[in-house]
Amino acid sequence: MTAEEILSHVDHTQLQPYAVWEDIEKLCQEAMDYHTASVCVPPTYISRIKEAYKDKVKICTVIGFPLGYSVTEAKVQETKQALEDGADEIDMVVNISDVKNGLFQKVEDEIRTLKEICKEKILKVIIETCYLTEEEKIEMCKAVTKAGADYIKTSTGFGTKGADIEDIRLFKKYIGDKVKIKAAGGVRTQEDLEKFLEEGCDRIGTSSAVNMIKGGQGSGY
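Figured I'd write up the structure that's included with this text. Computed from a predicted model, the values in this text were never measured in an experiment.

## Description of helix H9 (residues 190–199)
Turning to step 1, where the next piece is worked out: For H9, the full list of buried residues reads Asp192, Leu193, Phe196, Leu197 and Glu199. For H9, the angular spread of buried residues about the axis comes to 165 degrees, placing them on one side. Those residues of H9 that are exposed and aimed more than 90 degrees away from the buried face are Glu191 and Glu198.
Turning to step 2, where the next piece is worked out: On its buried face, H9 is in contact with helix H1 (3–7), helix H8 (165–174), strand S7 (180–184), strand S8 (203–206) and helix H10 (209–213).
Turning to step 3, where the next piece is worked out: Within two residues after H9, Gly200 carries a phi angle of roughly 125 degrees, on the positive side.

## Focus: the packing of helix H4 (residues 72–85) against helix H6 (residues 104–118)
Turning to step 1, where the next piece is worked out: Viewed as axis vectors pointing N to C, H4 and H6 meet at an angle of 20 degrees, and their least axial separation amounts to 10 Å. What the angle tells us is that H4 and H6 run roughly parallel. Crossing of H4 against H6: the hand is right-handed. Contacts from Thr72, Lys75, Val76, Thr79, Lys80 and Leu83 in H4 reach Glu110, Thr113, Leu114, Ile117 and Cys118 in H6.
Turning to step 2, where the next piece is worked out: Broken down by class, the residue content of the contact of H4 with H6 amounts to five nonpolar, three polar and three charged.

## What to know about the packing of aromatic side chains
Turning to step 1, where the next piece is worked out: Summed over all chains, the structure comprises two aromatic pairs.
Turning to step 2, where the next piece is worked out: A ring pair is formed by Phe65 and Phe158, whose centres lie 5.4 Å apart and whose planes are at 90 degrees; its orientation type is edge-to-face. Residue Phe65 is located in the loop between strand S3 (59–63) and H4, and its partner Phe158 is located in the loop between strand S6 (151–153) and H8; the two are separated by 93 residues in the primary sequence.
Turning to step 3, where the next piece is worked out: Taking relative accessible area as the criterion, Phe158 reaches 36% and is therefore assigned partly exposed.
Turning to step 4, where the next piece is worked out: The aromatic ring of Tyr151 is capped on one face by Lys124, whose charged end is 5.8 Å from the ring centroid.

Rules of the game
Residues numbered from 1 in each chain as written. Predicted model: local features only at pLDDT ≥ 70, side-chain atom pairs only at ≥ 80, totals over all residues. Heavy atoms only, no water. Buried < 20%, exposed > 50% of the residue type's maximum accessible area, 1.4 Å probe, protein only. Helix = DSSP H or I, 4+ residues; strand = E, 2+ residues; numbered from the N terminus. Arc of directions from axis to C-beta. Contact = heavy atoms within 4.5 Å. Axes fitted to C-alpha atoms, helices over the stretch in contact; angles between N-to-C directions. Parallel < 35°, antiparallel > 145°, perpendicular 65-115°, else oblique. Left-handed = near helix turned anticlockwise from the far one by under 90°. Nonpolar A, V, L, I, M, F, W, Y, C, P; charged D, E, K, R; others polar. Phe/Tyr/Trp six-rings, centres within 6.5 Å; stacked < 30°, edge-to-face > 60°. Lys NZ or Arg CZ within 6 Å of the ring centre and 35° of its normal.

Structural measurements only, silent on function.
Laid out in structure tokens, this is it:
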């Protein structure tokens, strides 16, 4: 797998709470130089990126991030504003408390609501696998599929653990044919990037892909 092929599947990420505009500029320049799938950034930077770079980079942003327990109405407003500001893709965090309480229909309804707002824009659903049992992960695969989301995503990168190959294999068993997989967190080398892509991931979220391709180590997100 060539470096170009790998990077075309990467959401080049900068989600640290202390990120400044110079960090975002560096991210966007690397995304253009290396042709990554998108830049994944905090909502506060969407409009500034759009103004500075127009359509030279695809903009992915996060909703209900990183804890997921915002009420649906808040996530709705976040999503509408992000799309209005110029986001191309939305990565939402499910309400993990609802998942742990077994309120799977409520979670499915929330995903469906945000997908209806996104319309043709891509919606990725972060289920934060590190906090879930296998049964809960399976239920989330079903919810993401039924709600019509485009991707199921393993992790925020801010939990206790990131992506795991076993979870990717589990997803493949239980998601629908139209749902793709994004891995995030815990990807630290080019070998890891290749492994997750070969296992069936369509996207990988990481801040360190360019460094990994050059032979360095990733930060884990």
